[in-house]
Amino acid sequence: MNIIIIGAGQIGLHLARSLSGAAHDIIVIENNEKLAETSSSEIDGRVIAGSGTSVELLLEAGIAESDLLFALTSNDATNLVACKLAKELGTKKTICRVSPLLLREEWMFDYRSNFSLDHIFSSERLSAIEISKHIRNPEGIAIQEIARGRIEIQQIRIPENSSACGKSLLELNLPERVRVASIQRAERSFVPTAEEKIQANDQITLFGDPSKLSKTANSLRSNTEKEKGANVVILGGGEYGLSLAQMISPWNCQIRIFEKNQEHAENLAEELAGKATVIHADGASLNELREEQVGVANFFIATTQSDEDNVMTCLQAKNLGTKNCIPLIHRTDYANAVNQTKSQLGIKEVISPREVVRRELMRFITSDKYHIVKKIPAGEIIETTIREKSKVAGKTIGEISLPAGSIFVALIKGIHAKVPSATDLIEIGDTVFSIVSEEAKKSFLKLVAK
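Residues numbered from 1 in each chain as written. Predicted model: local features only at pLDDT ≥ 70, side-chain atom pairs only at ≥ 80, totals over all residues. Heavy atoms only, no water.

Draft legend 1. Region of the structure containing the overall build of the protein. Check the secondary structure of the protein and you find 16 helices and 23 strands. A compact globule built from 450 residues should have a C-alpha radius of gyration of about 22 Å, and the protein, at 23 Å, falls within 12% of that. Each principal axis of the C-alpha atoms in the protein carries an extent, and together these give about 65 × 65 × 40 Å. Looking at the protein as a whole, 54% of its 450 residues are labelled buried. Taking the contacts inside the protein whose residues are at least 6 apart along the sequence as the reference set, 63% of them involve residues at least 24 apart. As displayed, the protein offers around 20100 Å² of accessible surface, 46% of which is attributable to carbon and sulfur atoms. Of the side-chain charges in the protein, 53 are positive and 58 negative, and the distance between the mean point of each set is 7 Å. (Helix = DSSP H or I, 4+ residues; strand = E, 2+ residues; numbered from the N terminus. Rg over C-alpha atoms; globule rule 2.2 N^0.38 Å. Buried < 20%, exposed > 50% of the residue type's maximum accessible area, 1.4 Å probe, protein only. Contact = heavy atoms within 4.5 Å. Areas by Shrake-Rupley, 256 points an atom, 1.4 Å probe, with all protein chains shown as cover. Lys, Arg positive; Asp, Glu negative; His and termini not counted. Charge placed at Lys NZ, Arg CZ, Asp CG, Glu CD.)

As structure tokens, then:
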């Protein structure tokens, strides 16, 4: 593929390095001349010094013949304009990095359509999603967001005392736009029909609005079993800490955030009113950790910009009795080193924002007309943008006969995302997420991903 990367900062350079040596033509555009010079010796590709919003430079980089443009600077305006120009000049696909603040505004303005974006993401939010999996899911059952975070995937096990046992999916009377998309039963995993009956010890995959899934999951576990939220302490009230707190607050978690900057702590307390307790203190201080009884917490998450502080405070929290400690480590070499010794250090998991973003972006390094978002026991979660030749374009969900073993689980129209119902119309330009078994994949792609 012909790939252009705007920005040779932490994220851009890490991606460029990972692509070096593969069968791709890589061009990086970096505005900082010194950084451009040092980057050229680190990657197998061409580095151009200049602005990613320069039409002249984009044309010089071969934008008209490019397959993919990644706009990965730390400046929202630069990334948005670069993507818009790139699409107008002929690139096939644009991927845009933005701040969490812009993502939070997306419900008010359709950045995707207005700036010709094929995908928009925040490194802070992706990292928060990665951390939240461990908080929500200490036993390893998957929790994940798709469709710009508007839809959550949650997997739960059905206990023997659940009122759901023996009932078909139709009889469960699930909330509107919440769907059981797959069932794992003993060694067998499958996409169920509406007549399939739930059995004890089934592991089921639910899709739906995050605000509805927790209640649904509780009702399916049993009539009396309630999900108890975790006691979570977050070090650092920056965008990583804020994004994490906002993400886990609907899960009935007890959240405390250490923030040493007084003004920022006050703003954070206002932003998270009623959702978290903000403590104006230096959380890197052992005395402060003791005073706040961090040892009783289920999770201690260190999200500051200092890798050293994040690791050391996790070790202190672990010594005080915190069950699970997760540091955010920005430098890839540090992250790899700590990850190799995490069990000896008592660290549950190491989160590297650069690596989290790299994994997210690598799924676009393909010439296919679809992306595999995640593999699950029942098959794959596939993302597809509907094109003119797609056989499902112009039809409602109810009019489409999907092959057995496949099911639509999310539909994006502009800035709106939902679990589709039978009356929803699929149009050109819409994006659909589906669970597709290996047996159904070929037939499904012929039908949808033309």
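Continuing now.
Draft legend 2. Fine view of the nonpolar core. With 51 residues, the main nonpolar core has Ile5, Phe70, Ile135 and Val232 as its most contacted residues. A per-element tally of this core places helix H9 (residues 239–248) first, with six residues. Those residues in contact with isoleucine 135 that sit more than four places away from it in its chain are Ala230, Val232, Leu244, Ile248, Cys253, Phe299 and Ile301. Ile6, Ile29, Ile63 and Ala86 belong to the second largest nonpolar core, which has 22 residues in total. (Core = buried A, V, L, I, M, F, W, Y, C linked by side-chain atoms within 4.5 Å.)

Draft legend 3. Local environment of the confidence of the model for the protein. Confidence in the prediction for the protein averages 89 pLDDT; 94% of positions are at 70 or higher. Between residues 138–142, whose pLDDT stays under 50, and residues either more than four places distant or in other chains, the model counts eleven contacts. (pLDDT = per-residue confidence, 0-100.)

Draft legend 4. Quick look at helix H16 (residues 441–448). If you check which residues of H16 are buried, you get Lys441, Phe444, Leu445, Leu447 and Val448. Taken around the axis of H16, the buried residues stretch over an arc of 160°, which confines them to a single face. Among the exposed residues of H16, those oriented more than 90 degrees off its buried face are Lys442 and Lys446. Buried-residue contacts for H16 involve strand E17 (370–376), strand E18 (379–385), strand E20 (406–413) and strand E23 (431–436). (Arc of directions from axis to C-beta.)

Draft legend 5. Spatial organisation of the pattern of salt bridges. Here the structure, examined in full by the defined rule, presents 17 salt bridges. Here arginine 46 makes a salt bridge to glutamate 60, at a shortest N to O gap of 2.7 Å. One end of the pair, arginine 46, is in strand E3 (residues 46–49); the other, glutamate 60, is in helix H3 (residues 55–60), with 14 residues separating them in the sequence. Residue class for glutamate 60 comes out partly exposed when judged on its relative accessible area of 41%. Two residues, glutamate 239 and arginine 104, come together in a salt bridge whose shortest N-O distance is 3.6 Å. Here glutamate 239 is found in helix H9, whereas its partner arginine 104 is found in helix H5 (residues 100–104), with 135 residues between them in sequence. Classification of glutamate 239 by relative accessible area gives partly exposed; the value is 29%. Taking relative accessible area as the criterion, arginine 104 reaches 26% and is therefore assigned partly exposed. (Salt bridge = Lys/Arg side-chain N within 4 Å of Asp/Glu carboxyl O.)

Draft legend 6. Fine view of the sheet that holds strand E14 (residues 277–280). The strand order across the open sheet built from five strands is E14-E13-E12-E15-E16, with neighbouring strands paired in parallel fashion. Since the sheet does not close on itself, it has two edges, and those belong to E14 and strand E16 (324–327), each with one partner. Each strand axis lies, on average, 15° off the axis of its neighbour in the sheet, ignoring direction. Sheet analysis places strand E12 (residues 231–235) next to strand E15 (residues 299–302), joined by four bridges and oriented parallel. Across the sheet, residue leucine 235 finds its bridge partner in E15, namely alanine 302. H9 rests against E12, strand E13 (254–259) and E15 of the sheet, and its axis sits at about 165° to E12. Seen against the sheet, helix H10 (residues 262–271) touches E13 and E14 and runs at an angle of roughly 170° to E14. (Pairing = 2+ DSSP bridges. Axes fitted to C-alpha atoms, helices over the stretch in contact; angles between N-to-C directions.)

Draft legend 7. How the structure looks around the pairing of strand E5 (residues 94–97). Taking every second residue as pointing to the same face, both faces of E5 are buried, with Thr94 and Cys96 on one and Ile95 and Arg97 on the other. In terms of handedness, the path from strand E4 (residues 68–71) via helix H4 (residues 76–89) over to E5 forms a crossover that is right-handed. Bridging between E5 and strand E6 (residues 119–121) involves three bridges; their strand directions are parallel. Directly across from cysteine 96, in E6, lies its bridge partner isoleucine 120. (Right-handed = clockwise from strand over helix to strand, strands pointing away.)

Draft legend 8. Region of the structure containing the packing of aromatic side chains. Summed over the entire model, instances satisfying the criterion amount to three aromatic pairs. With 6.2 Å between their ring centres and 20° between their planes, tyrosine 111 and phenylalanine 115 make a pair best called stacked. Through pairs of rings, three or more aromatic residues link up here, namely Phe109, Tyr111 and Phe115. Note that arginine 188 overlies the ring of phenylalanine 190, its terminal NZ or CZ placed 3.9 Å from the centroid. Above the face of the tyrosine 334 ring, arginine 331 is positioned so that its terminal group lies 4.3 Å from the ring centre. (Phe/Tyr/Trp six-rings, centres within 6.5 Å; stacked < 30°, edge-to-face > 60°. Lys NZ or Arg CZ within 6 Å of the ring centre and 35° of its normal.)

Draft legend 9. Spatial organisation of the environment of phenylalanine 115. Here phenylalanine 115 lies in the loop between helix H6 (111–114) and E6. Overall, phenylalanine 115 belongs to the partly exposed group, its relative accessible area being 22%. Spatially, the C-alpha atom of phenylalanine 115 lies 24 Å from that of asparagine 32, the residues being 83 residues apart in sequence. Here phenylalanine 115 is in contact with Leu80, Val81, Cys83, Lys84 and Phe109, once residues within four sequence places are set aside.

Draft legend 10. Spotlight on the sheet that holds E17. The five strands lie next to each other as E17-E18-E23-E20-E21, forming an open sheet whose pairing is antiparallel. Looking along the sheet, the strands with just one partner apiece sit at the ends: E17 and strand E21 (416–418). Averaged over all pairs of adjacent strands, the angle between their axes in this sheet comes to 20°, without regard to strand direction. Pairing between E20 and E21: three bridges, direction antiparallel. Bridge pairing links lysine 413 to histidine 416 in E21.

Draft legend 11. Seen up close, the side chain of serine 406. If you trace the backbone, serine 406 turns up in strand E20. For serine 406, a relative accessible area of 11% gives the class buried. A distance of 2.6 Å separates a polar atom in the side chain of serine 406 from the backbone oxygen of proline 403. Ignoring sequence-local partners within four residues, the contact set of serine 406 consists of Val191, Ile435, Val436, Ala440 and Phe444. (Polar contact = N/O pair within 3.5 Å; in protein donor to acceptor, adjacent residues only side chain to side chain.)

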